[in-house]
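A closer look at the structure
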Amino acid sequence: MNIRIIRNAIRCNHCGDIIESTSVHDFRMCHCGCVSVDGGHEYLRRCFTYSPVDFTDLSEIEPAGDGDPENDNEDRQAKNRMASSAFVLSF
Ligand SMILES: [Zn+2]
């Protein structure tokens, strides 16, 4: 399933820092050094020191597809092509 990443963020359960990665190579670590995020809006990457319960995930994702601007554009172009061929046929 394709997903779109709206927000790539976690909260460290040890120090309470909320860290967010806003671009692919934006690597962020909390101030106690226990957890980190990376990947921006391309992928969700988490690092932790002890276990996955070191952090609380605050990320927001949504399914990509209908809302995706590129697909939307292709869809519109396909519809335009259909519309124009229908127009030609009506003559
Ligand atoms: Zn921390």
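About the thresholds
- Residues numbered from 1 in each chain as written.
- Predicted model: local features only at pLDDT ≥ 70, side-chain atom pairs only at ≥ 80, totals over all residues.
- Helix = DSSP H or I, 4+ residues; strand = E, 2+ residues; numbered from the N terminus.
- Contact = placed C-beta atoms within 7 Å.
- Buried ≥ 20, exposed ≤ 12 C-beta atoms within 10 Å, placed from the backbone.
- Pairing = 2+ DSSP bridges.
- pLDDT = per-residue confidence, 0-100.
- Axes fitted to C-alpha atoms, helices over the stretch in contact; angles between N-to-C directions.
- Core = buried A, V, L, I, M, F, W, Y, C linked by C-beta atoms within 7 Å.

Attention now goes to the overall build of the protein. Secondary structure summary: the protein contains one helix and eight strands in total. In the protein, the succession of α and β elements from N to C terminus is β-β-β-β-β-β-β-β-α. Look at the contacts in the protein between residues 6 or more apart in sequence, and 44% of them connect residues 24 or more apart.

To continue, consider the environment of His-25. Here His-25 shows up in the loop between strand S3 (18–20) and strand S4 (28–29). Given 9 C-beta atoms within a 10 Å radius, His-25 is considered exposed. When the C-alpha atoms of His-25 and Asp-38 are compared, they prove to be 6.5 Å apart, with 13 residues separating the residues in sequence.

Moving on, we come to the pairing of strand S6 (residues 45–48). Strand direction decides the pairing type here: strand S5 (residues 35–38) and S6, joined by four bridges, are antiparallel. Along S6, the bridge assignment pairs Val-37 with Arg-46. Between S5 and the antiparallel strand that follows it, S6, lie six residues; Gly-39 among them carries a positive phi value of about 105°.

With that settled, the discussion passes to the confidence of the model for the protein. On average, residues of the protein score 81 in pLDDT, and 70% of them are at 70 or above. Looking across the protein, the model is least confident in helix H1 (residues 69–89), with a mean pLDDT of 49, and most confident in S3, with 98. Note on residues 80–91: pLDDT under 50 across the span, and zero contacts to partners over four residues away in sequence or across chains.

Read from one edge to the other, the open sheet built from three strands follows the order S3-S2-S7, with strand pairing classed as antiparallel. What marks the edges here is a single partner per strand, and that holds for S3 and strand S7 (55–57). Across the sheet, the mean angle separating the axes of adjacent strands is 25° when strand polarity is ignored. Of the strand pairs in this sheet, strand S2 (residues 9–12) and S3 are connected by three bridges, and their pairing is antiparallel. Bridge pairing in S3 places Ala-9 opposite Glu-20.

Mapping Gly-33 onto the fold places it in the loop between S4 and S5. In this structure, the C-alpha to C-alpha distance between Gly-33 and Cys-47, residues 14 residues apart in sequence, is 9.9 Å.

In this section: the nonpolar core. Counting residues in hydrophobic clusters, the biggest one holds seven residues: Ile-10, Cys-12, Ile-19, Cys-30, Val-35, Val-37 and Phe-55. Each residue touching Ile-10, except ones within four places of it in the same chain, is listed here: Ile-19, Val-35, Val-37, Arg-46, Phe-55, Thr-56, Asp-57 and Leu-58.

Turning our attention to the sheet that holds S4. One open sheet holds the three strands; their spatial order is S4-S5-S6, and the pairing between them is antiparallel. Edge positions in the open sheet fall to S4 and S6, since each of these has one partner strand only. Pairing between S4 and S5: two bridges, direction antiparallel. Along S5, the bridge assignment pairs Met-29 with Ser-36.

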